[in-house]
Amino acid sequence: MARYVFITGGVVSSLGKGLASAALGALLQARGFSVRLRKLDPYLNVDPGTMSPFEHGEVFVTDDGAETDLDLGHYERFTGVSARKTDSISSGRIYTNVLEKERRGEYLGKTIQVIPHVTNEIKDWISVGDDEVDFMLCEIGGTVGDIEGLPFFEAIRQFAQDRPRGQVIFMHLTLLPYLAASGELKTKPTQHSVKELRSIGLQPDVLVCRSEQPIPDKERAKIALFCNVRPDAVIPAYDLKSIYEAPLAYHRVGLDQAVLDAFGISPAPKPDMSRWEDVMDRLDNAEGEVRVAIVGKYVQLEDAYKSIAEALTHGGMANRVRVKAEWIDAEIFEHEDPAPYLENYHAILVPGGFGERGTEGKIRAAQFAREKGVPYLGICLGMQMAVIEAARNLAGVKDAGSEEFDHEAGKKRFTPVVYHLKEWVQGNHRVERKVTDDKGGTMRLGAYSAALKEGSKVAEVYGSTDIEERHRHRYEVDIKYREPLESCGLTFSGMSPDGRLPEIVEHKGHPWFIGVQFHPELKSKPFAPHPLFAGFIKAALEQSRLV
Ligand code: GLN
């Protein structure tokens, strides 16, 4: 049976709960324990799949095809443990399950209530897979006191009672604001936040206090006294220059020790921090810089492409070079020549996206990269745009486009080189989709394998011809354009195992031009940079030496 750490937040949102949870996971691993991280989100969406990236940041897709919160990306990047569908739980999902059970008559005519029916459902989800790991870390989204969060707080309170003593602890993150006028750190908001937590029956065992200023021992002791927490379990959390410093930084201030103490695990196994020391060494001792242009749509909110930004950093770490990524709104290139913008970069990345807006600009960015020999990585929509560019400008399909844009506009304007796929094979079974399926259910989602062409650039990059990557898209490049495009130099170097779905394209004779139908960024880790990102940054480095 796993030990559980429930992580909650108070005072304000955006304190870095996800990062603290992920770093704690990494620290427990460094001490030889196995972990799984889980996110409980109080919002009513069934999953984040239909939420706008502008509002909610990136949708993180798991191997088993769940569309989850971007915090699960942090969890994977810090622990290397692949998240599953069951690691992302929202109120919407819980209520849907409860209501479906009610309709099926499973509650035997009882009145359905938040306690016990909703809380039991939450507890069932929390318990999934608890015989597989030493520690289960569950982060509760939002802050204590939120109305929506109450069933989750109540469920974790009950959960701790249901388990044997000493199997469950609570870790709470708060903020110590600094008042410049009086030169003081204020502990009152933290005291109130803990009071709020205790009023619903939860006593934190570990308090993580975010602060921009060093926390004096006197203040630490005061927080411990007023919040009923041991002084060495009051953990300061200061701003970091890189998120990847978090495991080492939290270790220095004793977070892992405080957690193990709270469980009474003594003596604590010695930690091996070499993985994180190497990560920091690569970040701190990088030489030089490459500049990468990301030509996309959701450029105002960096979180919308969180995993891409991180994977680029990892690619830099693999090559011991700093990566400066800059976001360019693709729409600019619809009425302006891309050259004056893009000439300043050593590589161009066109990320995934939905809808027509900005796509003509992305096509022009792909054309620029192809013609000028600048390294190009096209991800999902970025691959589709590279194919459309080649179809229009090399294969003579002047009105090549994607069915997605015609569907959106409600009229036919393009020859669909990229079309809506409604049935495909996953593993050994067939998947079918109807246009009338609800929004959440019409995509090719999750891990699919691909067979790479021997001798291709991409096979060299991966060092293998057999790969598995995560997908999230509705449209596919039409295989009937393979021959005309290959005869113009765009090789289809990766295909689905049944040979029907193009997975990877690359331009022959170009130094580095690769488009992939999947999302490699989702699998990149700081301690294991994804080969496509490592290869892309290596190509950018070579480009930087040319110009
Ligand atoms: N909109 C495209 C599709 O659905 C690409 C999706 C993406 O880039 N994730 O196929």
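Keep in mind that this is a model prediction, so the values were computed, not measured.

On to the pattern of salt bridges. Applying the stated criterion to the full structure yields 36 salt bridges. We note a salt bridge from arginine 36 to aspartate 87, for which the minimum N-O separation is 2.5 Å. Of this pair, arginine 36 sits in strand 2 (residues 35-41) while aspartate 87 is found in the loop between helix 3 (71-79) and strand 5 (88-90), placing the two residues 51 residues apart along the sequence. Taking relative accessible area as the criterion, aspartate 87 reaches 0% and is therefore assigned buried. A salt bridge links arginine 444 to glutamate 503, with the nearest nitrogen and oxygen atoms 3.3 Å apart. Of this pair, arginine 444 sits in strand 20 (residues 444-452) while glutamate 503 sits in strand 24 (residues 502-507), and the two are 59 residues apart along the sequence. There is no split in this pair, since arginine 444 and glutamate 503 are both buried. One network of salt bridges, in which partners are shared, links Lys39, Asp41, Asp69 and Asp71.

On to the UniProt feature "binding site: Mg(2+)" (unreviewed entry) in the chain. As recorded in UniProt, the sites labelled "binding site: Mg(2+)" (unreviewed entry) are Asp71 and Glu139. Taken along the chain, the residues just named run across 69 residues; in space they keep tight, none of their C-alpha pairs more than 9.4 Å apart. For the second largest pocket, the lining residues drawn from the annotated set are Asp71 and Glu139. By secondary structure assignment, the location of aspartate 71 is in helix 3. Relative accessible area serves as the criterion here: at 13%, aspartate 71 is assigned to the buried category. Residue contacts for aspartate 71: discarding those within four places in its chain leaves Gly18, Lys39 and Glu139. Within the structure, aspartate 71 has its side chain in polar contact with the side chain of lysine 39 (distance 2.9 Å). In this structure, glutamate 139 sits in strand 6 (residues 135-140).

Strand order in the open sheet made by the three strands is 16-17-22, with mixed pairing throughout. Of all strands in the sheet, those with a lone pairing partner are strand 16 (400-402) and strand 22 (475-477), marking the two edges. Mean inter-strand twist for the sheet, computed between neighbouring axes without regard to direction, equals 35°. For strand 17 (residues 415-420) and strand 22, the ladder comprises three bridges, and the chain directions are antiparallel. Pairing of tyrosine 419 across the sheet is with glutamate 476, part of strand 22. Across the sheet, helix 15 (residues 381-393) touches strand 16, strand 17 and strand 22, and the angle it forms with strand 16 is around 160°.

Here the UniProt-annotated "binding site: L-glutamine" (unreviewed entry) positions come out as Gly353, Leu381, Gly382, Met383, Gln384, Glu404 and Arg474. The annotated residues occupy 122 residues of the chain but converge on a single region, no pair of C-alpha atoms lying more than 14.3 Å apart. Considering the arrangement of structural elements, one finds methionine 383 in helix 15. With a relative accessible area of 0%, methionine 383 lands in the buried category. Those residues in contact with methionine 383 that lie beyond four places of it in its chain are Gly378, Val477, Pro502, Glu503, Ile504, Val505, Gly515, Val516 and Gln517. Note that glutamine 384 resides in helix 15. Non-local contacts of glutamine 384, meaning those with residues more than four positions away in its chain, are made with Val418, Tyr475, Glu476 and Gln517.

Right, let's get into the pairing of strand 6. Of all six residues in strand 6, six are buried, a share of seventy percent or more. Neither face of strand 6 is exposed, since Phe135, Leu137 and Glu139 on one face and Met136, Cys138 and Ile140 on the opposite face are all buried. Strand direction decides the pairing type here: strand 1 (residues 3-9) and strand 6, joined by five bridges, are parallel. Bridge assignment links isoleucine 7 to a residue of strand 6, and that residue is glutamate 139. Where strand 2 meets strand 6, six bridges bridge the pair, whose relative direction is parallel. Within the sheet, the bridge partner assigned to lysine 39 lies in strand 6 and is glutamate 139.

Turning our attention to the layout of surface pockets. Its volume calculated, the second largest pocket comes out at about 700 Å³. Forming the boundary of the second largest pocket are 28 residues, of which Ser14, Lys39, Leu70, Asp71 and Asp303 lie nearest the centre. Secondary-structure elements contributing two or more residues to the lining of the second largest pocket are helix 1 (17-30), strand 2, helix 2 (53-56) and helix 3. Here the lining of the second largest pocket takes three residues from helix 1, the largest share from any one element. The residue makeup of the lining of the second largest pocket, split by class, is seven nonpolar, twelve polar and nine charged.

Further remarks concern the site of the ligand. Every residue lining the ligand is accounted for by Gly352, Gly353, Phe354, Cys380, Leu381, Gln384, Glu404, Arg472, His473, Arg474, Tyr475 and His519. Residue glutamine 384 places a side-chain N or O atom 3.1 Å away from an oxygen atom belonging to the ligand. In this structure, an oxygen atom belonging to the ligand sits 2.9 Å away from a main-chain N or O atom of tyrosine 475. Contact with the protein chains removes 99% of the 300 Å² of surface that the ligand exposes when unbound. When residues of the shell around the ligand are traced back to their parent elements, those giving at least two are helix 15 and strand 21 (466-473). A breakdown of the residues in the shell around the ligand according to their chemical character gives four nonpolar, five polar and three charged.

The rules behind each value
Residues numbered from 1 in each chain as written. Predicted model: local features only at pLDDT ≥ 70, side-chain atom pairs only at ≥ 80, totals over all residues. Heavy atoms only, no water. Salt bridge = Lys/Arg side-chain N within 4 Å of Asp/Glu carboxyl O. Helix = DSSP H or I, 4+ residues; strand = E, 2+ residues; numbered from the N terminus. Buried < 20%, exposed > 50% of the residue type's maximum accessible area, 1.4 Å probe, protein only. UniProt positions renumbered as here; feature names shortened; annotations may be inferred. 1 Å grid on protein atoms, 1.4 Å probe; cavity = no way out; pocket = protein on both sides within 12 Å on 5 of 7 lines; lining within 4 Å. Contact = heavy atoms within 4.5 Å. Polar contact = N/O pair within 3.5 Å; in protein donor to acceptor, adjacent residues only side chain to side chain. Pairing = 2+ DSSP bridges. Axes fitted to C-alpha atoms, helices over the stretch in contact; angles between N-to-C directions. Points joined across faces, edges and corners; volume = space filled by probe spheres on them. Nonpolar A, V, L, I, M, F, W, Y, C, P; charged D, E, K, R; others polar. Near = heavy atom within 4 Å. Areas by Shrake-Rupley, 256 points an atom, 1.4 Å probe, with all protein chains shown as cover.

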